[in-house]
Amino acid sequence: MEIAMALVALTVGVCAVAAACDRFGWPTPLVLVVVGALVALVPGVPQFTLGPELVLNGLLPPLLYAATRSTSLVDLTRNKTATLLLSVVLVVFTTLVVGWTTSWLLPGVALAACMALGAVVAPPDAVAATAIGRRLGLPRRVATMLEEESLLNDAAALIALAAATSALTTELSLPHIGVEFLLAVAGALLIGGLVTVVLAVVRTRIRNPVLDTAVSFVAPYLAFLPAEALHVSGVLAVVVTGLAMAHLSPRVQTAASRVAETVNWRTVAFLLENAVFLLIGLQFPQLLRGAAASGFSGGRVLLVCVGVLVATIVARFVFVFAAAGVFHAVPPLRPRAWSFGVSLLLSWAGMRGVVTLAAAQLLPQDVPGRDVLLLAAFTVVVGTLLVQGLSLPAVVRALRLPGPDPAQDALQAAALGDAANGAGLRRLDELLTGDEPPHVVLQLRGRSKARSHAAWERLGRPLSDVMTPSVLYSRLRSEMLAAERSVVVRARDRGTAEPEVLQRALADIDVEESLLDRLDDLDPLPGDRGLAPTPGSACAHLRTAGTREEATARWGEPPVVCADCVAVGAQWVHLRTCLACGYTGCCDSSELRHARAHFGEAAHPAIVSAEPGEAWRWCWVDEELG
């Protein structure tokens, strides 16, 4: 009963704090740590020990697996040099710097124990990086590198920790440590690959979304447990399996399974990643009591904790800026060099988390000064979360580095959706035999085109100016579905239908409502910036068609109306200007599609958006954005 009450209290506390943080815009990880520490000081609250077995074997595998679901294997391969530098070389560098600093500040403690502390505090936490980075809107390149670093550095740190603790009882050489490291990595890659193959084969044959999601819940442990049993990196095996399965999921899973798995893993990740920060705070009083009984003076303990925190932060700054300097100095590496702003953000965003505290518990019980080392690890976790986490928004604002641009993302999504829509329509033409009912074919073509049009409609004028067809359809259909649902619910309340029939009827309505296009309007773009894709189109028509500025210089500002629509009393959605003659007509989402009709008559291949703040172009012939 006590365990059940503790789990309920933990879940309710996490949800309440997370809801408050969402409401007031507070950083959730930081608030959870503070709340946990305050709760632990309340008389009568039972003491809770965050054991290494619970975190490393219980919580860490699913947390890492959940993090890999949003990480691109393609991006990881593209950024492999930076990822290896940050996740392996930086871990070793931090271990040495913090280890020597601790040995100097805490005489009488074995150097190997100090190096073990360095390995403990070396890896930034994936959960902390993603939780704070998502809220801040970090530049996408920085956020990606932080996430990729955090997925792999835990393995390097735990291997370094194992070597340091082994050095407490046996004499190890650098070649021996290097061989052990390579074996741990190679074994993890092999086990992760084998588990991925088995899971891919099994999940290809599963069509039940519930069963498929259940298999995904055990996937991280299928990789972690065998790897740990063979004394290789279980953490790395989980990361390999998660990345590979996320990459293969469109081929081995049904759409329903992917949707179900995504929702369930988001729930699991939310509870686990927030619970671990609350648990970190609950450790505070216990660590203080242990340090007080260690035999060291309060001043010495404070000096060690602050010194380790400063050494951890400074080591990251020194390494990142040194690496950036090397990148700039070596011509082949110069294109991938980090700017000053990116280097500063990478250095300042190294928050530590639950892995640091859990790994600290692996220090042998008989190590002199162990309680001080544990408190120093806690200080690094809380200090980086509070100092770096709280100041990170100001650093981001001061550097003025652009974060992810929803408008650019929407433009890219619209172009990708158009390409997918074209492939679907071509496949439909291949499948048609001529015996299909015409209304079925029209329905198939209409639904495919409607989804593509909805993405383009998200660009252009805001909803206050014009109600786009997709938004109008979604709103009206939502009201219709609500009326349909009320009838089914009334039948349920009156008992006029069987429960199974009612469940199927409600499920049908819910599925259709979930498929409605949900397109939030974009904020207006600044007047001095045009929404345009990155230059470098492969389309020959777009390379010679010119730009919106050139079209404006030639024919003047585009009109704010579709003249052909005005002539017949029709309504348009968005406007497009022909780059060959300056004609401005309505888009494909409009009823009469005058821009497309002009292409059919004049065969002018390229258009540019005539909407305020937009400068993207489109080739009718090649169906390409540029």
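Residues numbered from 1 in each chain as written. Predicted model: local features only at pLDDT ≥ 70, side-chain atom pairs only at ≥ 80, totals over all residues. Heavy atoms only, no water.

Looking at the overall build of the chain
Then, in step 1: If you tally the helices and strands in the chain, you get 25 helices and five strands.
Then, in step 2: Per-residue burial for the chain yields a buried fraction of 46% across its 626 residues.
Then, in step 3: The contacts in the chain between residues at least 6 apart in sequence include a share of 76% that link residues at least 24 apart.
Then, in step 4: Total accessible area on the chain is roughly 30600 Å²; 65% of this is exposed by carbon and sulfur atoms.
Then, in step 5: A gap of 2 Å separates the mean positions of the 47 positive and 52 negative side-chain charges of the chain. (Helix = DSSP H or I, 4+ residues; strand = E, 2+ residues; numbered from the N terminus. Buried < 20%, exposed > 50% of the residue type's maximum accessible area, 1.4 Å probe, protein only. Contact = heavy atoms within 4.5 Å. Areas by Shrake-Rupley, 256 points an atom, 1.4 Å probe, with all protein chains shown as cover. Lys, Arg positive; Asp, Glu negative; His and termini not counted. Charge placed at Lys NZ, Arg CZ, Asp CG, Glu CD.)

So, the environment of threonine 196
Then, in step 1: Considering the arrangement of structural elements, one finds threonine 196 in helix H9 (residues 174-204).
Then, in step 2: Residue threonine 196 is classed as buried on the basis of its relative accessible area, which comes to 7%.
Then, in step 3: Sequence separation between threonine 196 and valine 240 is 44 residues, and the spatial gap between their C-alpha atoms is 8.2 Å.
Then, in step 4: Beyond its immediate chain neighbours, meaning those up to four positions away, threonine 196 contacts Val240, Thr241, Ala244, Met245 and Leu248.

With respect to the pattern of salt bridges
Then, in step 1: All chains considered together, the criterion is met by 10 salt bridges.
Then, in step 2: For the salt bridge of arginine 427 with glutamate 430, the shortest nitrogen-to-oxygen distance reads 3.0 Å. Of this pair, arginine 427 and glutamate 430 both sit in helix H18 (residues 406-431), three residues apart, roughly one helical turn.
Then, in step 3: Judged by relative accessible area, arginine 427 falls into the partly exposed class, the value being 47%.
Then, in step 4: In this structure glutamate 430 comes out as exposed when scored by relative accessible area, which is 55%.
Then, in step 5: Linking arginine 485 and glutamate 513 is a salt bridge whose minimum nitrogen-to-oxygen distance equals 2.5 Å. Taken together, the positions of arginine 485 in helix H20 (residues 469-494) and glutamate 513 in helix H21 (residues 499-515) put the pair 28 residues apart, joining distant regions of the chain.
Then, in step 6: Here glutamate 513 falls in the partly exposed class, since its relative accessible area comes to 22%.
Then, in step 7: Connected through shared salt-bridge partners, Arg203, Asp212 and Glu261 make up one network. (Salt bridge = Lys/Arg side-chain N within 4 Å of Asp/Glu carboxyl O.)

A word on helix H8 (residues 140-166)
Since there are 3.6 residues in each turn of an α-helix, residues three or four apart along the chain are aligned in direction.
Then, in step 1: Counted at 1.5 Å a residue, the expected span for H8 with its 27 residues is 39 Å, and the 40 Å between its end C-alpha atoms agrees.
Then, in step 2: Maximum bend of H8: about 35°, positioned at leucine 152.
Then, in step 3: Judged by how many residues are buried, H8 sits mostly within the fold: 21 of 27 residues are covered. (Expected span 1.5 Å × (residues − 1). Bend = angle between axes of the 7 residues up to and from the residue.)

A few points about the side chain of threonine 577
Then, in step 1: Within the fold, threonine 577 resides in strand E1 (residues 575-578).
Then, in step 2: Overall, the relative accessible area of 6% leaves threonine 577 in the buried class.
Then, in step 3: Within the local environment of threonine 577, its side chain forms a polar contact with the side chain of threonine 584, the two groups lying 2.9 Å apart.
Then, in step 4: For threonine 577, the residues in contact, after removing those within four places along its chain, are Pro558, Gly582, Tyr583, Thr584, Ala606, Ile607, Val608 and Ala610. (Polar contact = N/O pair within 3.5 Å; in protein donor to acceptor, adjacent residues only side chain to side chain.)

Side note on the nonpolar core
Then, in step 1: Membership of the largest hydrophobic core comes to 110 residues, with the highest contact counts inside it found for Ile280, Trp338 and Leu346.
Then, in step 2: With 14 residues, helix H17 (residues 370-399) is the single largest residue contributor to this core.
Then, in step 3: Every residue in contact with isoleucine 280, bar those within four places of it in the chain, is listed here: Val33, Gly353, Val354, Leu357, Phe378 and Val381.
Then, in step 4: Counting residues in each nonpolar core, the second largest holds 13 residues, with Ala414, Trp456, Ile607 and Trp618 among its members. (Core = buried A, V, L, I, M, F, W, Y, C linked by side-chain atoms within 4.5 Å.)

Structural notes on unusual backbone geometry
Then, in step 1: Of note, the phi angle at histidine 231 is positive, near 60°, even though the residue is not glycine.
Then, in step 2: Along the chain, histidine 231 falls in the loop between helix H10 (209-229) and helix H11 (234-252).

A look at the pairing of strand E3 (residues 606-609)
Then, in step 1: Side chains of E3 alternate between two faces, with Ala606 and Val608 and Ile607 and Ser609 buried alike.
Then, in step 2: In this sheet, E3 lies alongside E1 in antiparallel orientation, the contact comprising three bridges. For threonine 577, the partnering residue across the bridge sits in E3 and is valine 608.
Then, in step 3: In this sheet, strand E4 (residues 617-619) lies alongside E3 in antiparallel orientation, the contact comprising three bridges. Note on E4: the bridge partner recorded for isoleucine 607 is tryptophan 618. (Pairing = 2+ DSSP bridges.)

Quick look at the pairing of E1
Then, in step 1: Covered by surrounding structure in E1 are Leu575 and Thr577 together with Arg576 and Cys578, the residues of both alternating faces.
Then, in step 2: As defined by bridge partners, E1 adjoins strand E2 (residues 584-586) across three bridges and the pair is classed as antiparallel. Bridge assignment links leucine 575 to a residue of E2, and that residue is cysteine 586.
Then, in step 3: The antiparallel hairpin formed by E1 and E2 contains five residues in its connecting segment, where glycine 582 sits at a positive phi of about 85°.

Focus: the sheet that holds E3
Then, in step 1: If you trace the five strands from one edge of the open sheet to the other, you get E2-E1-E3-E4-E5, paired in antiparallel fashion. Sheet topology places E2 and strand E5 (624-625) at the edges, where each strand pairs with a single neighbour.
Then, in step 2: Most of the contacts of helix H25 (residues 594-602) go to E2, to which it runs at about 120°, and overall it touches E1 and E2. (Axes fitted to C-alpha atoms, helices over the stretch in contact; angles between N-to-C directions.)

Looking at the packing of helix H3 (residues 52-68) against H11
Then, in step 1: Interaxial distance between H3 and H11 falls to 8 Å at its minimum, and their mutual angle equals 30°. Between H3 and H11 lies a crossing whose hand is right-handed. Within the contact between the two elements, H3 uses Leu60, Pro61, Leu64, Tyr65 and Thr68 and H11 uses Val235, Val238, Val239, Thr241, Gly242, Leu243, Met245 and Ala246. (Left-handed = near helix turned anticlockwise from the far one by under 90°.)

What about the packing of aromatic side chains?
Then, in step 1: A full pass over the atoms with the stated rule returns eight aromatic pairs.
Then, in step 2: Aromatic pair phenylalanine 317 and tryptophan 348: ring centres 5.7 Å apart, planes at 70°, arrangement edge-to-face. Note that phenylalanine 317 is positioned in helix H14 (residues 298-329) and tryptophan 348 in helix H15 (residues 340-348), a separation of 31 residues in sequence.
Then, in step 3: Looking at phenylalanine 317, the relative accessible area reads 22%, which means it is partly exposed.
Then, in step 4: Seen from their ring centres, phenylalanine 599 and tryptophan 620 are 5.8 Å apart, and the 20° between their planes marks the pair as stacked. Taken together, the residues span a long stretch of sequence, with phenylalanine 599 in helix H25 and tryptophan 620 in the loop between E4 and E5 at a distance of 21 residues.
Then, in step 5: Looking at phenylalanine 599, the relative accessible area reads 21%, which means it is partly exposed.
Then, in step 6: Under the relative-accessibility criterion, tryptophan 620 is labelled buried at 10%.
Then, in step 7: Among the aromatic side chains, those forming a connected cluster through ring pairs are Phe317, Phe321, Phe340 and Trp348.
Then, in step 8: Positioned above the aromatic ring of phenylalanine 24 is the side chain of arginine 23, whose terminal nitrogen or guanidinium carbon lies 5.3 Å from the ring centre. (Phe/Tyr/Trp six-rings, centres within 6.5 Å; stacked < 30°, edge-to-face > 60°. Lys NZ or Arg CZ within 6 Å of the ring centre and 35° of its normal.)

Remember, this is a structural readout, not a statement about activity or role.
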